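Listed here are the chains, written in short residue letters.
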Amino acid sequence: MTMTTRALLGATALCAIGLAASAQETTLTIATVNNGDMVRMQGLTDDFTAQHPDIALEWVTLEENVLRQNVTTDIATNGGQYDVITIGTYEVPIWGKQGWLVPLNDLPAEYDVNDILPPIRAGLSVDDNLYAVPFYGESSFIMYRKDLFEAAGLTMPDAPTWDFVKEAAAKLNDADAGVYGICLRGKAGWGENVAFLTTMANSYGARWFDENWQPQFDSPEWKAAITDYLDLMNNYGPPGASSNGFNENLTLFQQGKCGMWIDATVAASFVTDPNNSTVADKVGFALAPDAGKGKRANWLWSWALAIPSSSDAPDAAKQFIEWATSKGYTELVAANEGWANVPPGTRTSLYENQEYLSAAPFAQMTIDSINAADPQQPTVDPVPYTGVQFVAIPEFQGLGTSVGQEFSAALAGEKTADEALASAQEIATQEMTSAGYIQ
Amino acid sequence: MARAVTPQRKLLNTVLAWAVALLLFFPILWTFLTSFKPEPIAVASPPQFLFFDWTVKNYVDVQNQRNYFDYFWNSVIISLGSTILGLAVAVPAAWSMAFVPGSKTRDLLMWMLSTKMMPAVGVLVPIYLIFKTLGLLDSRIGLTLILTLINLPIIVWMLYTYFKEIPGEILEAARMDGASLMSEILYVLTPMAVPGIASTFLLNVIMAWNEAFWTINLTVTDAAPLTKFISGFSSPQGLFYAKLSAASTMAIAPILIMGWFSQRQLVRGLTFGAVK
Amino acid sequence: MSTQASRSAARLMLSPAVGLLLIWMIVPLVLTLWFSFQRYNLLYPDRSGFIGLANYVNFVGTSGFLDAILNTLILVVGVLAITVVGGILIALLIDQPLWGQGIVRILVISPFFIMPPVAALIWKNMFFNPTNGLFAELFKFIGLRPFDFLGQAPLGSIILIVSWEWLPFATLILLTALQSLSSEQLEAAEMDGAPPVKRFWFIMLPHLARAITVVILIETIFLLGIFGEILVTTNGGPGNASTTLTYLVYKEALLDFDAGTAAAGGVVAVILANIVAMFLMRAVGRNLDA
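Residues numbered from 1 in each chain as written. Chains lettered and ligands numbered in written order. Predicted model: local features only at pLDDT ≥ 70, side-chain atom pairs only at ≥ 80, totals over all residues.

(A) The overall build of chain B, seen in detail. Along chain B, the regular secondary structure elements total 13 helices and zero strands. Each helix (α) and strand (β) of chain B, taken in turn from the N terminus, gives the series α-α-α-α-α-α-α-α-α-α-α-α-α. Here the C-alpha coordinates of chain B stretch approximately 75 × 70 × 30 Å along the principal axes. Restricting the contact set of chain B to residue pairs at least 6 apart, pairs at least 24 apart contribute 80%. (Helix = DSSP H or I, 4+ residues; strand = E, 2+ residues; numbered from the N terminus. Contact = placed C-beta atoms within 7 Å.)

(B) Looking closely at the environment of V162(C). Residue and element names in this part refer to chain C. With respect to the element layout, V162 can be found in helix α8 (residues 154-179). With 26 C-beta atoms counted inside 10 Å, the residue V162 sits in the buried group. Between the C-alpha atoms of V162 and G87, which are 75 residues apart in sequence, the distance is 14 Å. Leaving out residues up to four positions away in the same chain, V162 has contacts with V79, L223, I226 and E229. (Buried ≥ 20, exposed ≤ 12 C-beta atoms within 10 Å, placed from the backbone.)

(C) Geometry of the interface of chain C and chain B. Chain C puts 85 residues into the contact, and the matching count from chain B is 83 residues. For the side of chain C that touches chain B, the element with the highest residue contribution is helix α1 (residues 2-36) of chain C, accounting for 19 residues. A breakdown of the residues in the side of chain C that touches chain B according to their chemical character gives 62 nonpolar, 19 polar and four charged. (Nonpolar A, V, L, I, M, F, W, Y, C, P; charged D, E, K, R; others polar.)

(D) How the structure looks around the interface of chain A and chain C. Listed by partner, the interface residues are 32 residues for chain A and 27 residues for chain C. Elements with a minimum of two residues in the side of chain A that touches chain C: α4 (64-76), α5 (91-98), α11 (246-254), α17 (396-411) and α18 (417-434) of chain A. Residue contributions to the side of chain A that touches chain C peak at seven residues, all from α17(A). Looking at the side of chain A that touches chain C, its residues break down into ten nonpolar, 16 polar and six charged.

(E) Representation of the domain arrangement of chain A. All names here are of chain A. What the domain assignment reports for chain A is domain 1 (24-131 + 301-359) and domain 2 (140-299 + 384-434). Taken over C-alpha atoms, the centre of domain 1 sits 28 Å from the centre of domain 2. Counting residues at the interface gives nine residues for domain 1 and ten residues for domain 2. For the side of domain 1 that touches domain 2, the residue count by class is six nonpolar, two polar and one charged. (Domains from an automatic or database assignment.)

(F) Looking closely at the pairing of strand β3 (residues 84-88) of chain A. Residues and elements named next belong to chain A. The element β3 is largely enclosed, with a buried count of four among its five residues. Alignment of strand β1 (residues 26-33) against β3, held across two bridges, turns out to be parallel. Paired with I30 across the strands is V84, a residue of β3. Alignment of β3 against strand β10 (residues 300-306), held across four bridges, turns out to be antiparallel. Across the sheet, the residue bridging to T86 is L305, located in β10. (Pairing = 2+ DSSP bridges.)

(G) The pairing of β1(A), seen in detail. All names here are of chain A. Most of β1 is tucked away: six of the eight residues are buried. Bridge count between β1 and strand β2 (residues 55-62): eight bridges; the pairing is parallel. If you follow A31 over to β2, its bridge partner there is V60.

Right, here's the structure in full:
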């Protein structure tokens, strides 16, 4: 036996040992979005690995758009790179229908699946099969500055109308002092300005499509909604609003530059956090406005955890998502970071917990907003689709973003409301025709 | 080209040149400074330049969120690997094109360059499917291969233009002396070609380090380099300028420092035949 | 005989490089061509089959197609103009005797080492942002209302970012060329009493012609493929104001997940790029052979 052979054999033996050792350990690749709650979860995984020493976790934390594009490419080509993915209420019904997700109907009794808020659970199910469990859930509502309202002699009702919002924005606006009446999303994207504008349009009685999938951007309701939006933003909004998304507005509000801000309910814990917000003790909350047509301008969204069918470790993955969305995880966060920082909007029991209710002044308004959203019947007039601030069809990401670009161009002053709506109508008609919805 | 000028003139030149240089460098400097600020100071108005409470908290936070060194090593391995592999293929090709040109050499070169104009994103799905079939997804080997291939046209072109400047007479003389092909390459050509190869090497390392399409879309964790590292720090919730700056500084520092120290070598061969 | 041997050796040595490039070029191209005639949307795995030219019709018929071509041209030409003119000026400046030349050169080339996503993120957030960016502070300082760069001048802002990334490259190439200019020629011209502008125009510029064409050639190849910077800063908007051809292909590929139309878009982009390339190569080729 030569030296080389012996060395080779030795190396092989070592490899074999290494393999045997690693065979006991399952590695889960978890794709998440870089939101605060998700990053916090990463920091708390010692609790999980202590309970499951045989499971190792690998994290991929990405910005929302990159995450979506990487995960969708992998899932649709059956690439098998991920074991747990973070997806939203938009993807779950579409992907569930395709058979790309592992159904989660056999969750253990102690998980208490019936505790999940009904609207959220409905949004994550297809034909009564649950395909993802919510990590957190949100609606949208008005956050406003109580001190500025008082100074202006205004009182915010719990359920204001758009007319009141317009009046208040005009009174609060003081551009020279760097305070703008209202901050709203303007950055183009189906999950950015389109999410907000679709809810606003819903409350004005507009809809994306009629029952025959004909685009409705030429309706007077859309025109009224977009005109009011542009008026509000041009007169009482911050400069450069056409590039403001959720995060830009959050920063503005935390710096005390917005009188009102209509956005995700999860923002409430950030704007009331004294470490990051200069206005933490001055924020009030109210339901999203309406126009007297029976629908309010609030959405329903949830970042949920799901298991791709292409995962090679679905059982370990299931153990992980049960842990991350359990009542125990909520208590873990509460013990480590305080009750105000637990992931909101997923479980009924949280909103019956006195400790949480007293630590989170926005809790009641959050649950009321979530319950006011109806993804099955999002609009005043009947529609063939589900989803409040989106249309749950595969084409919506592209279509929504293109339409969002038009509204963003209108906000930047490149187009009038009429031109933007006409382009939106044309883009939607073209897209729906080529996708085969309409002839 | 040391021309004699008046001290006043030299002073004016100096002031102007430094102004331009600092202006171009300012975004990098600002990022570096911001990375040491507490988040609220990073967006303070008026902006704070030097007199704030310097902190390394941002770096600690970034490192706690994900292990920088995993990404760093992947970047090193992938960019060095693809450069070495690329040079191994490109040097012989460029050598023969420069010294034994055929009638179609020019066209071949131009065609090679034009392959770079294919928009990468149009071929993402086909490449993803190939990588999946070959088991190359999220592997350093796969990424090394793809970066070699996308940079190959540029480095073949760069080496070709450099080799072409080496006077052919020297080779003729060596041949007269009865030098074999191998020794011709080894003893005559190589010493003359080293600056060009060194410069090509550096340029390719820079291009591979900074490539941000394939490295983001074909990796998950195991092979993810610094471009992927940075793509999670862009728009989370709340103030993030300081953390973004820290992550950016970590991602660009290695290549920036390498570039500073090797800039003479980089510049010497970076002519693409622009100098006759 | 020696020539014979070295010729075949040359061919042998050439083959791996060319072979690899062939694979890179041919395999994806064939795949792309094949996909471009297929109905293939990642989100509709059950809908498939040959659909002729429908993907091409779909891509060319996109409402932003002509805008995208125009924007691509503006982006490429704009960046080229800024980097070539700026590069010449900076090269002329730092070629002069001055104190601290080495450090100046290091500072000037630094942007070349910055990865594009980082460059785009820094510019977008820390400079262009109309409430917290440095430009906004600057505007406020001189008593103006902050300008919304990415909303009001999206393409211009992107041109600025990309020019910043490529200015060092142009400067370096042009500086090297400038330094190779024999000083006798310049001194002779100076003796003849030619004013600086004339010396620049009639002696330096012709000498730099080759370097300029090289800069244009190399930069064009990279600029045609730019989309990361657009994705990070403006997402192609507002409207289609900063949508380029490559960005349009991205939209099809990673927003609509329509691999068929994206492939068709890729083919269209390659064809258009090659038309540009043909003009370029002809111009550059002439200059390089001379």
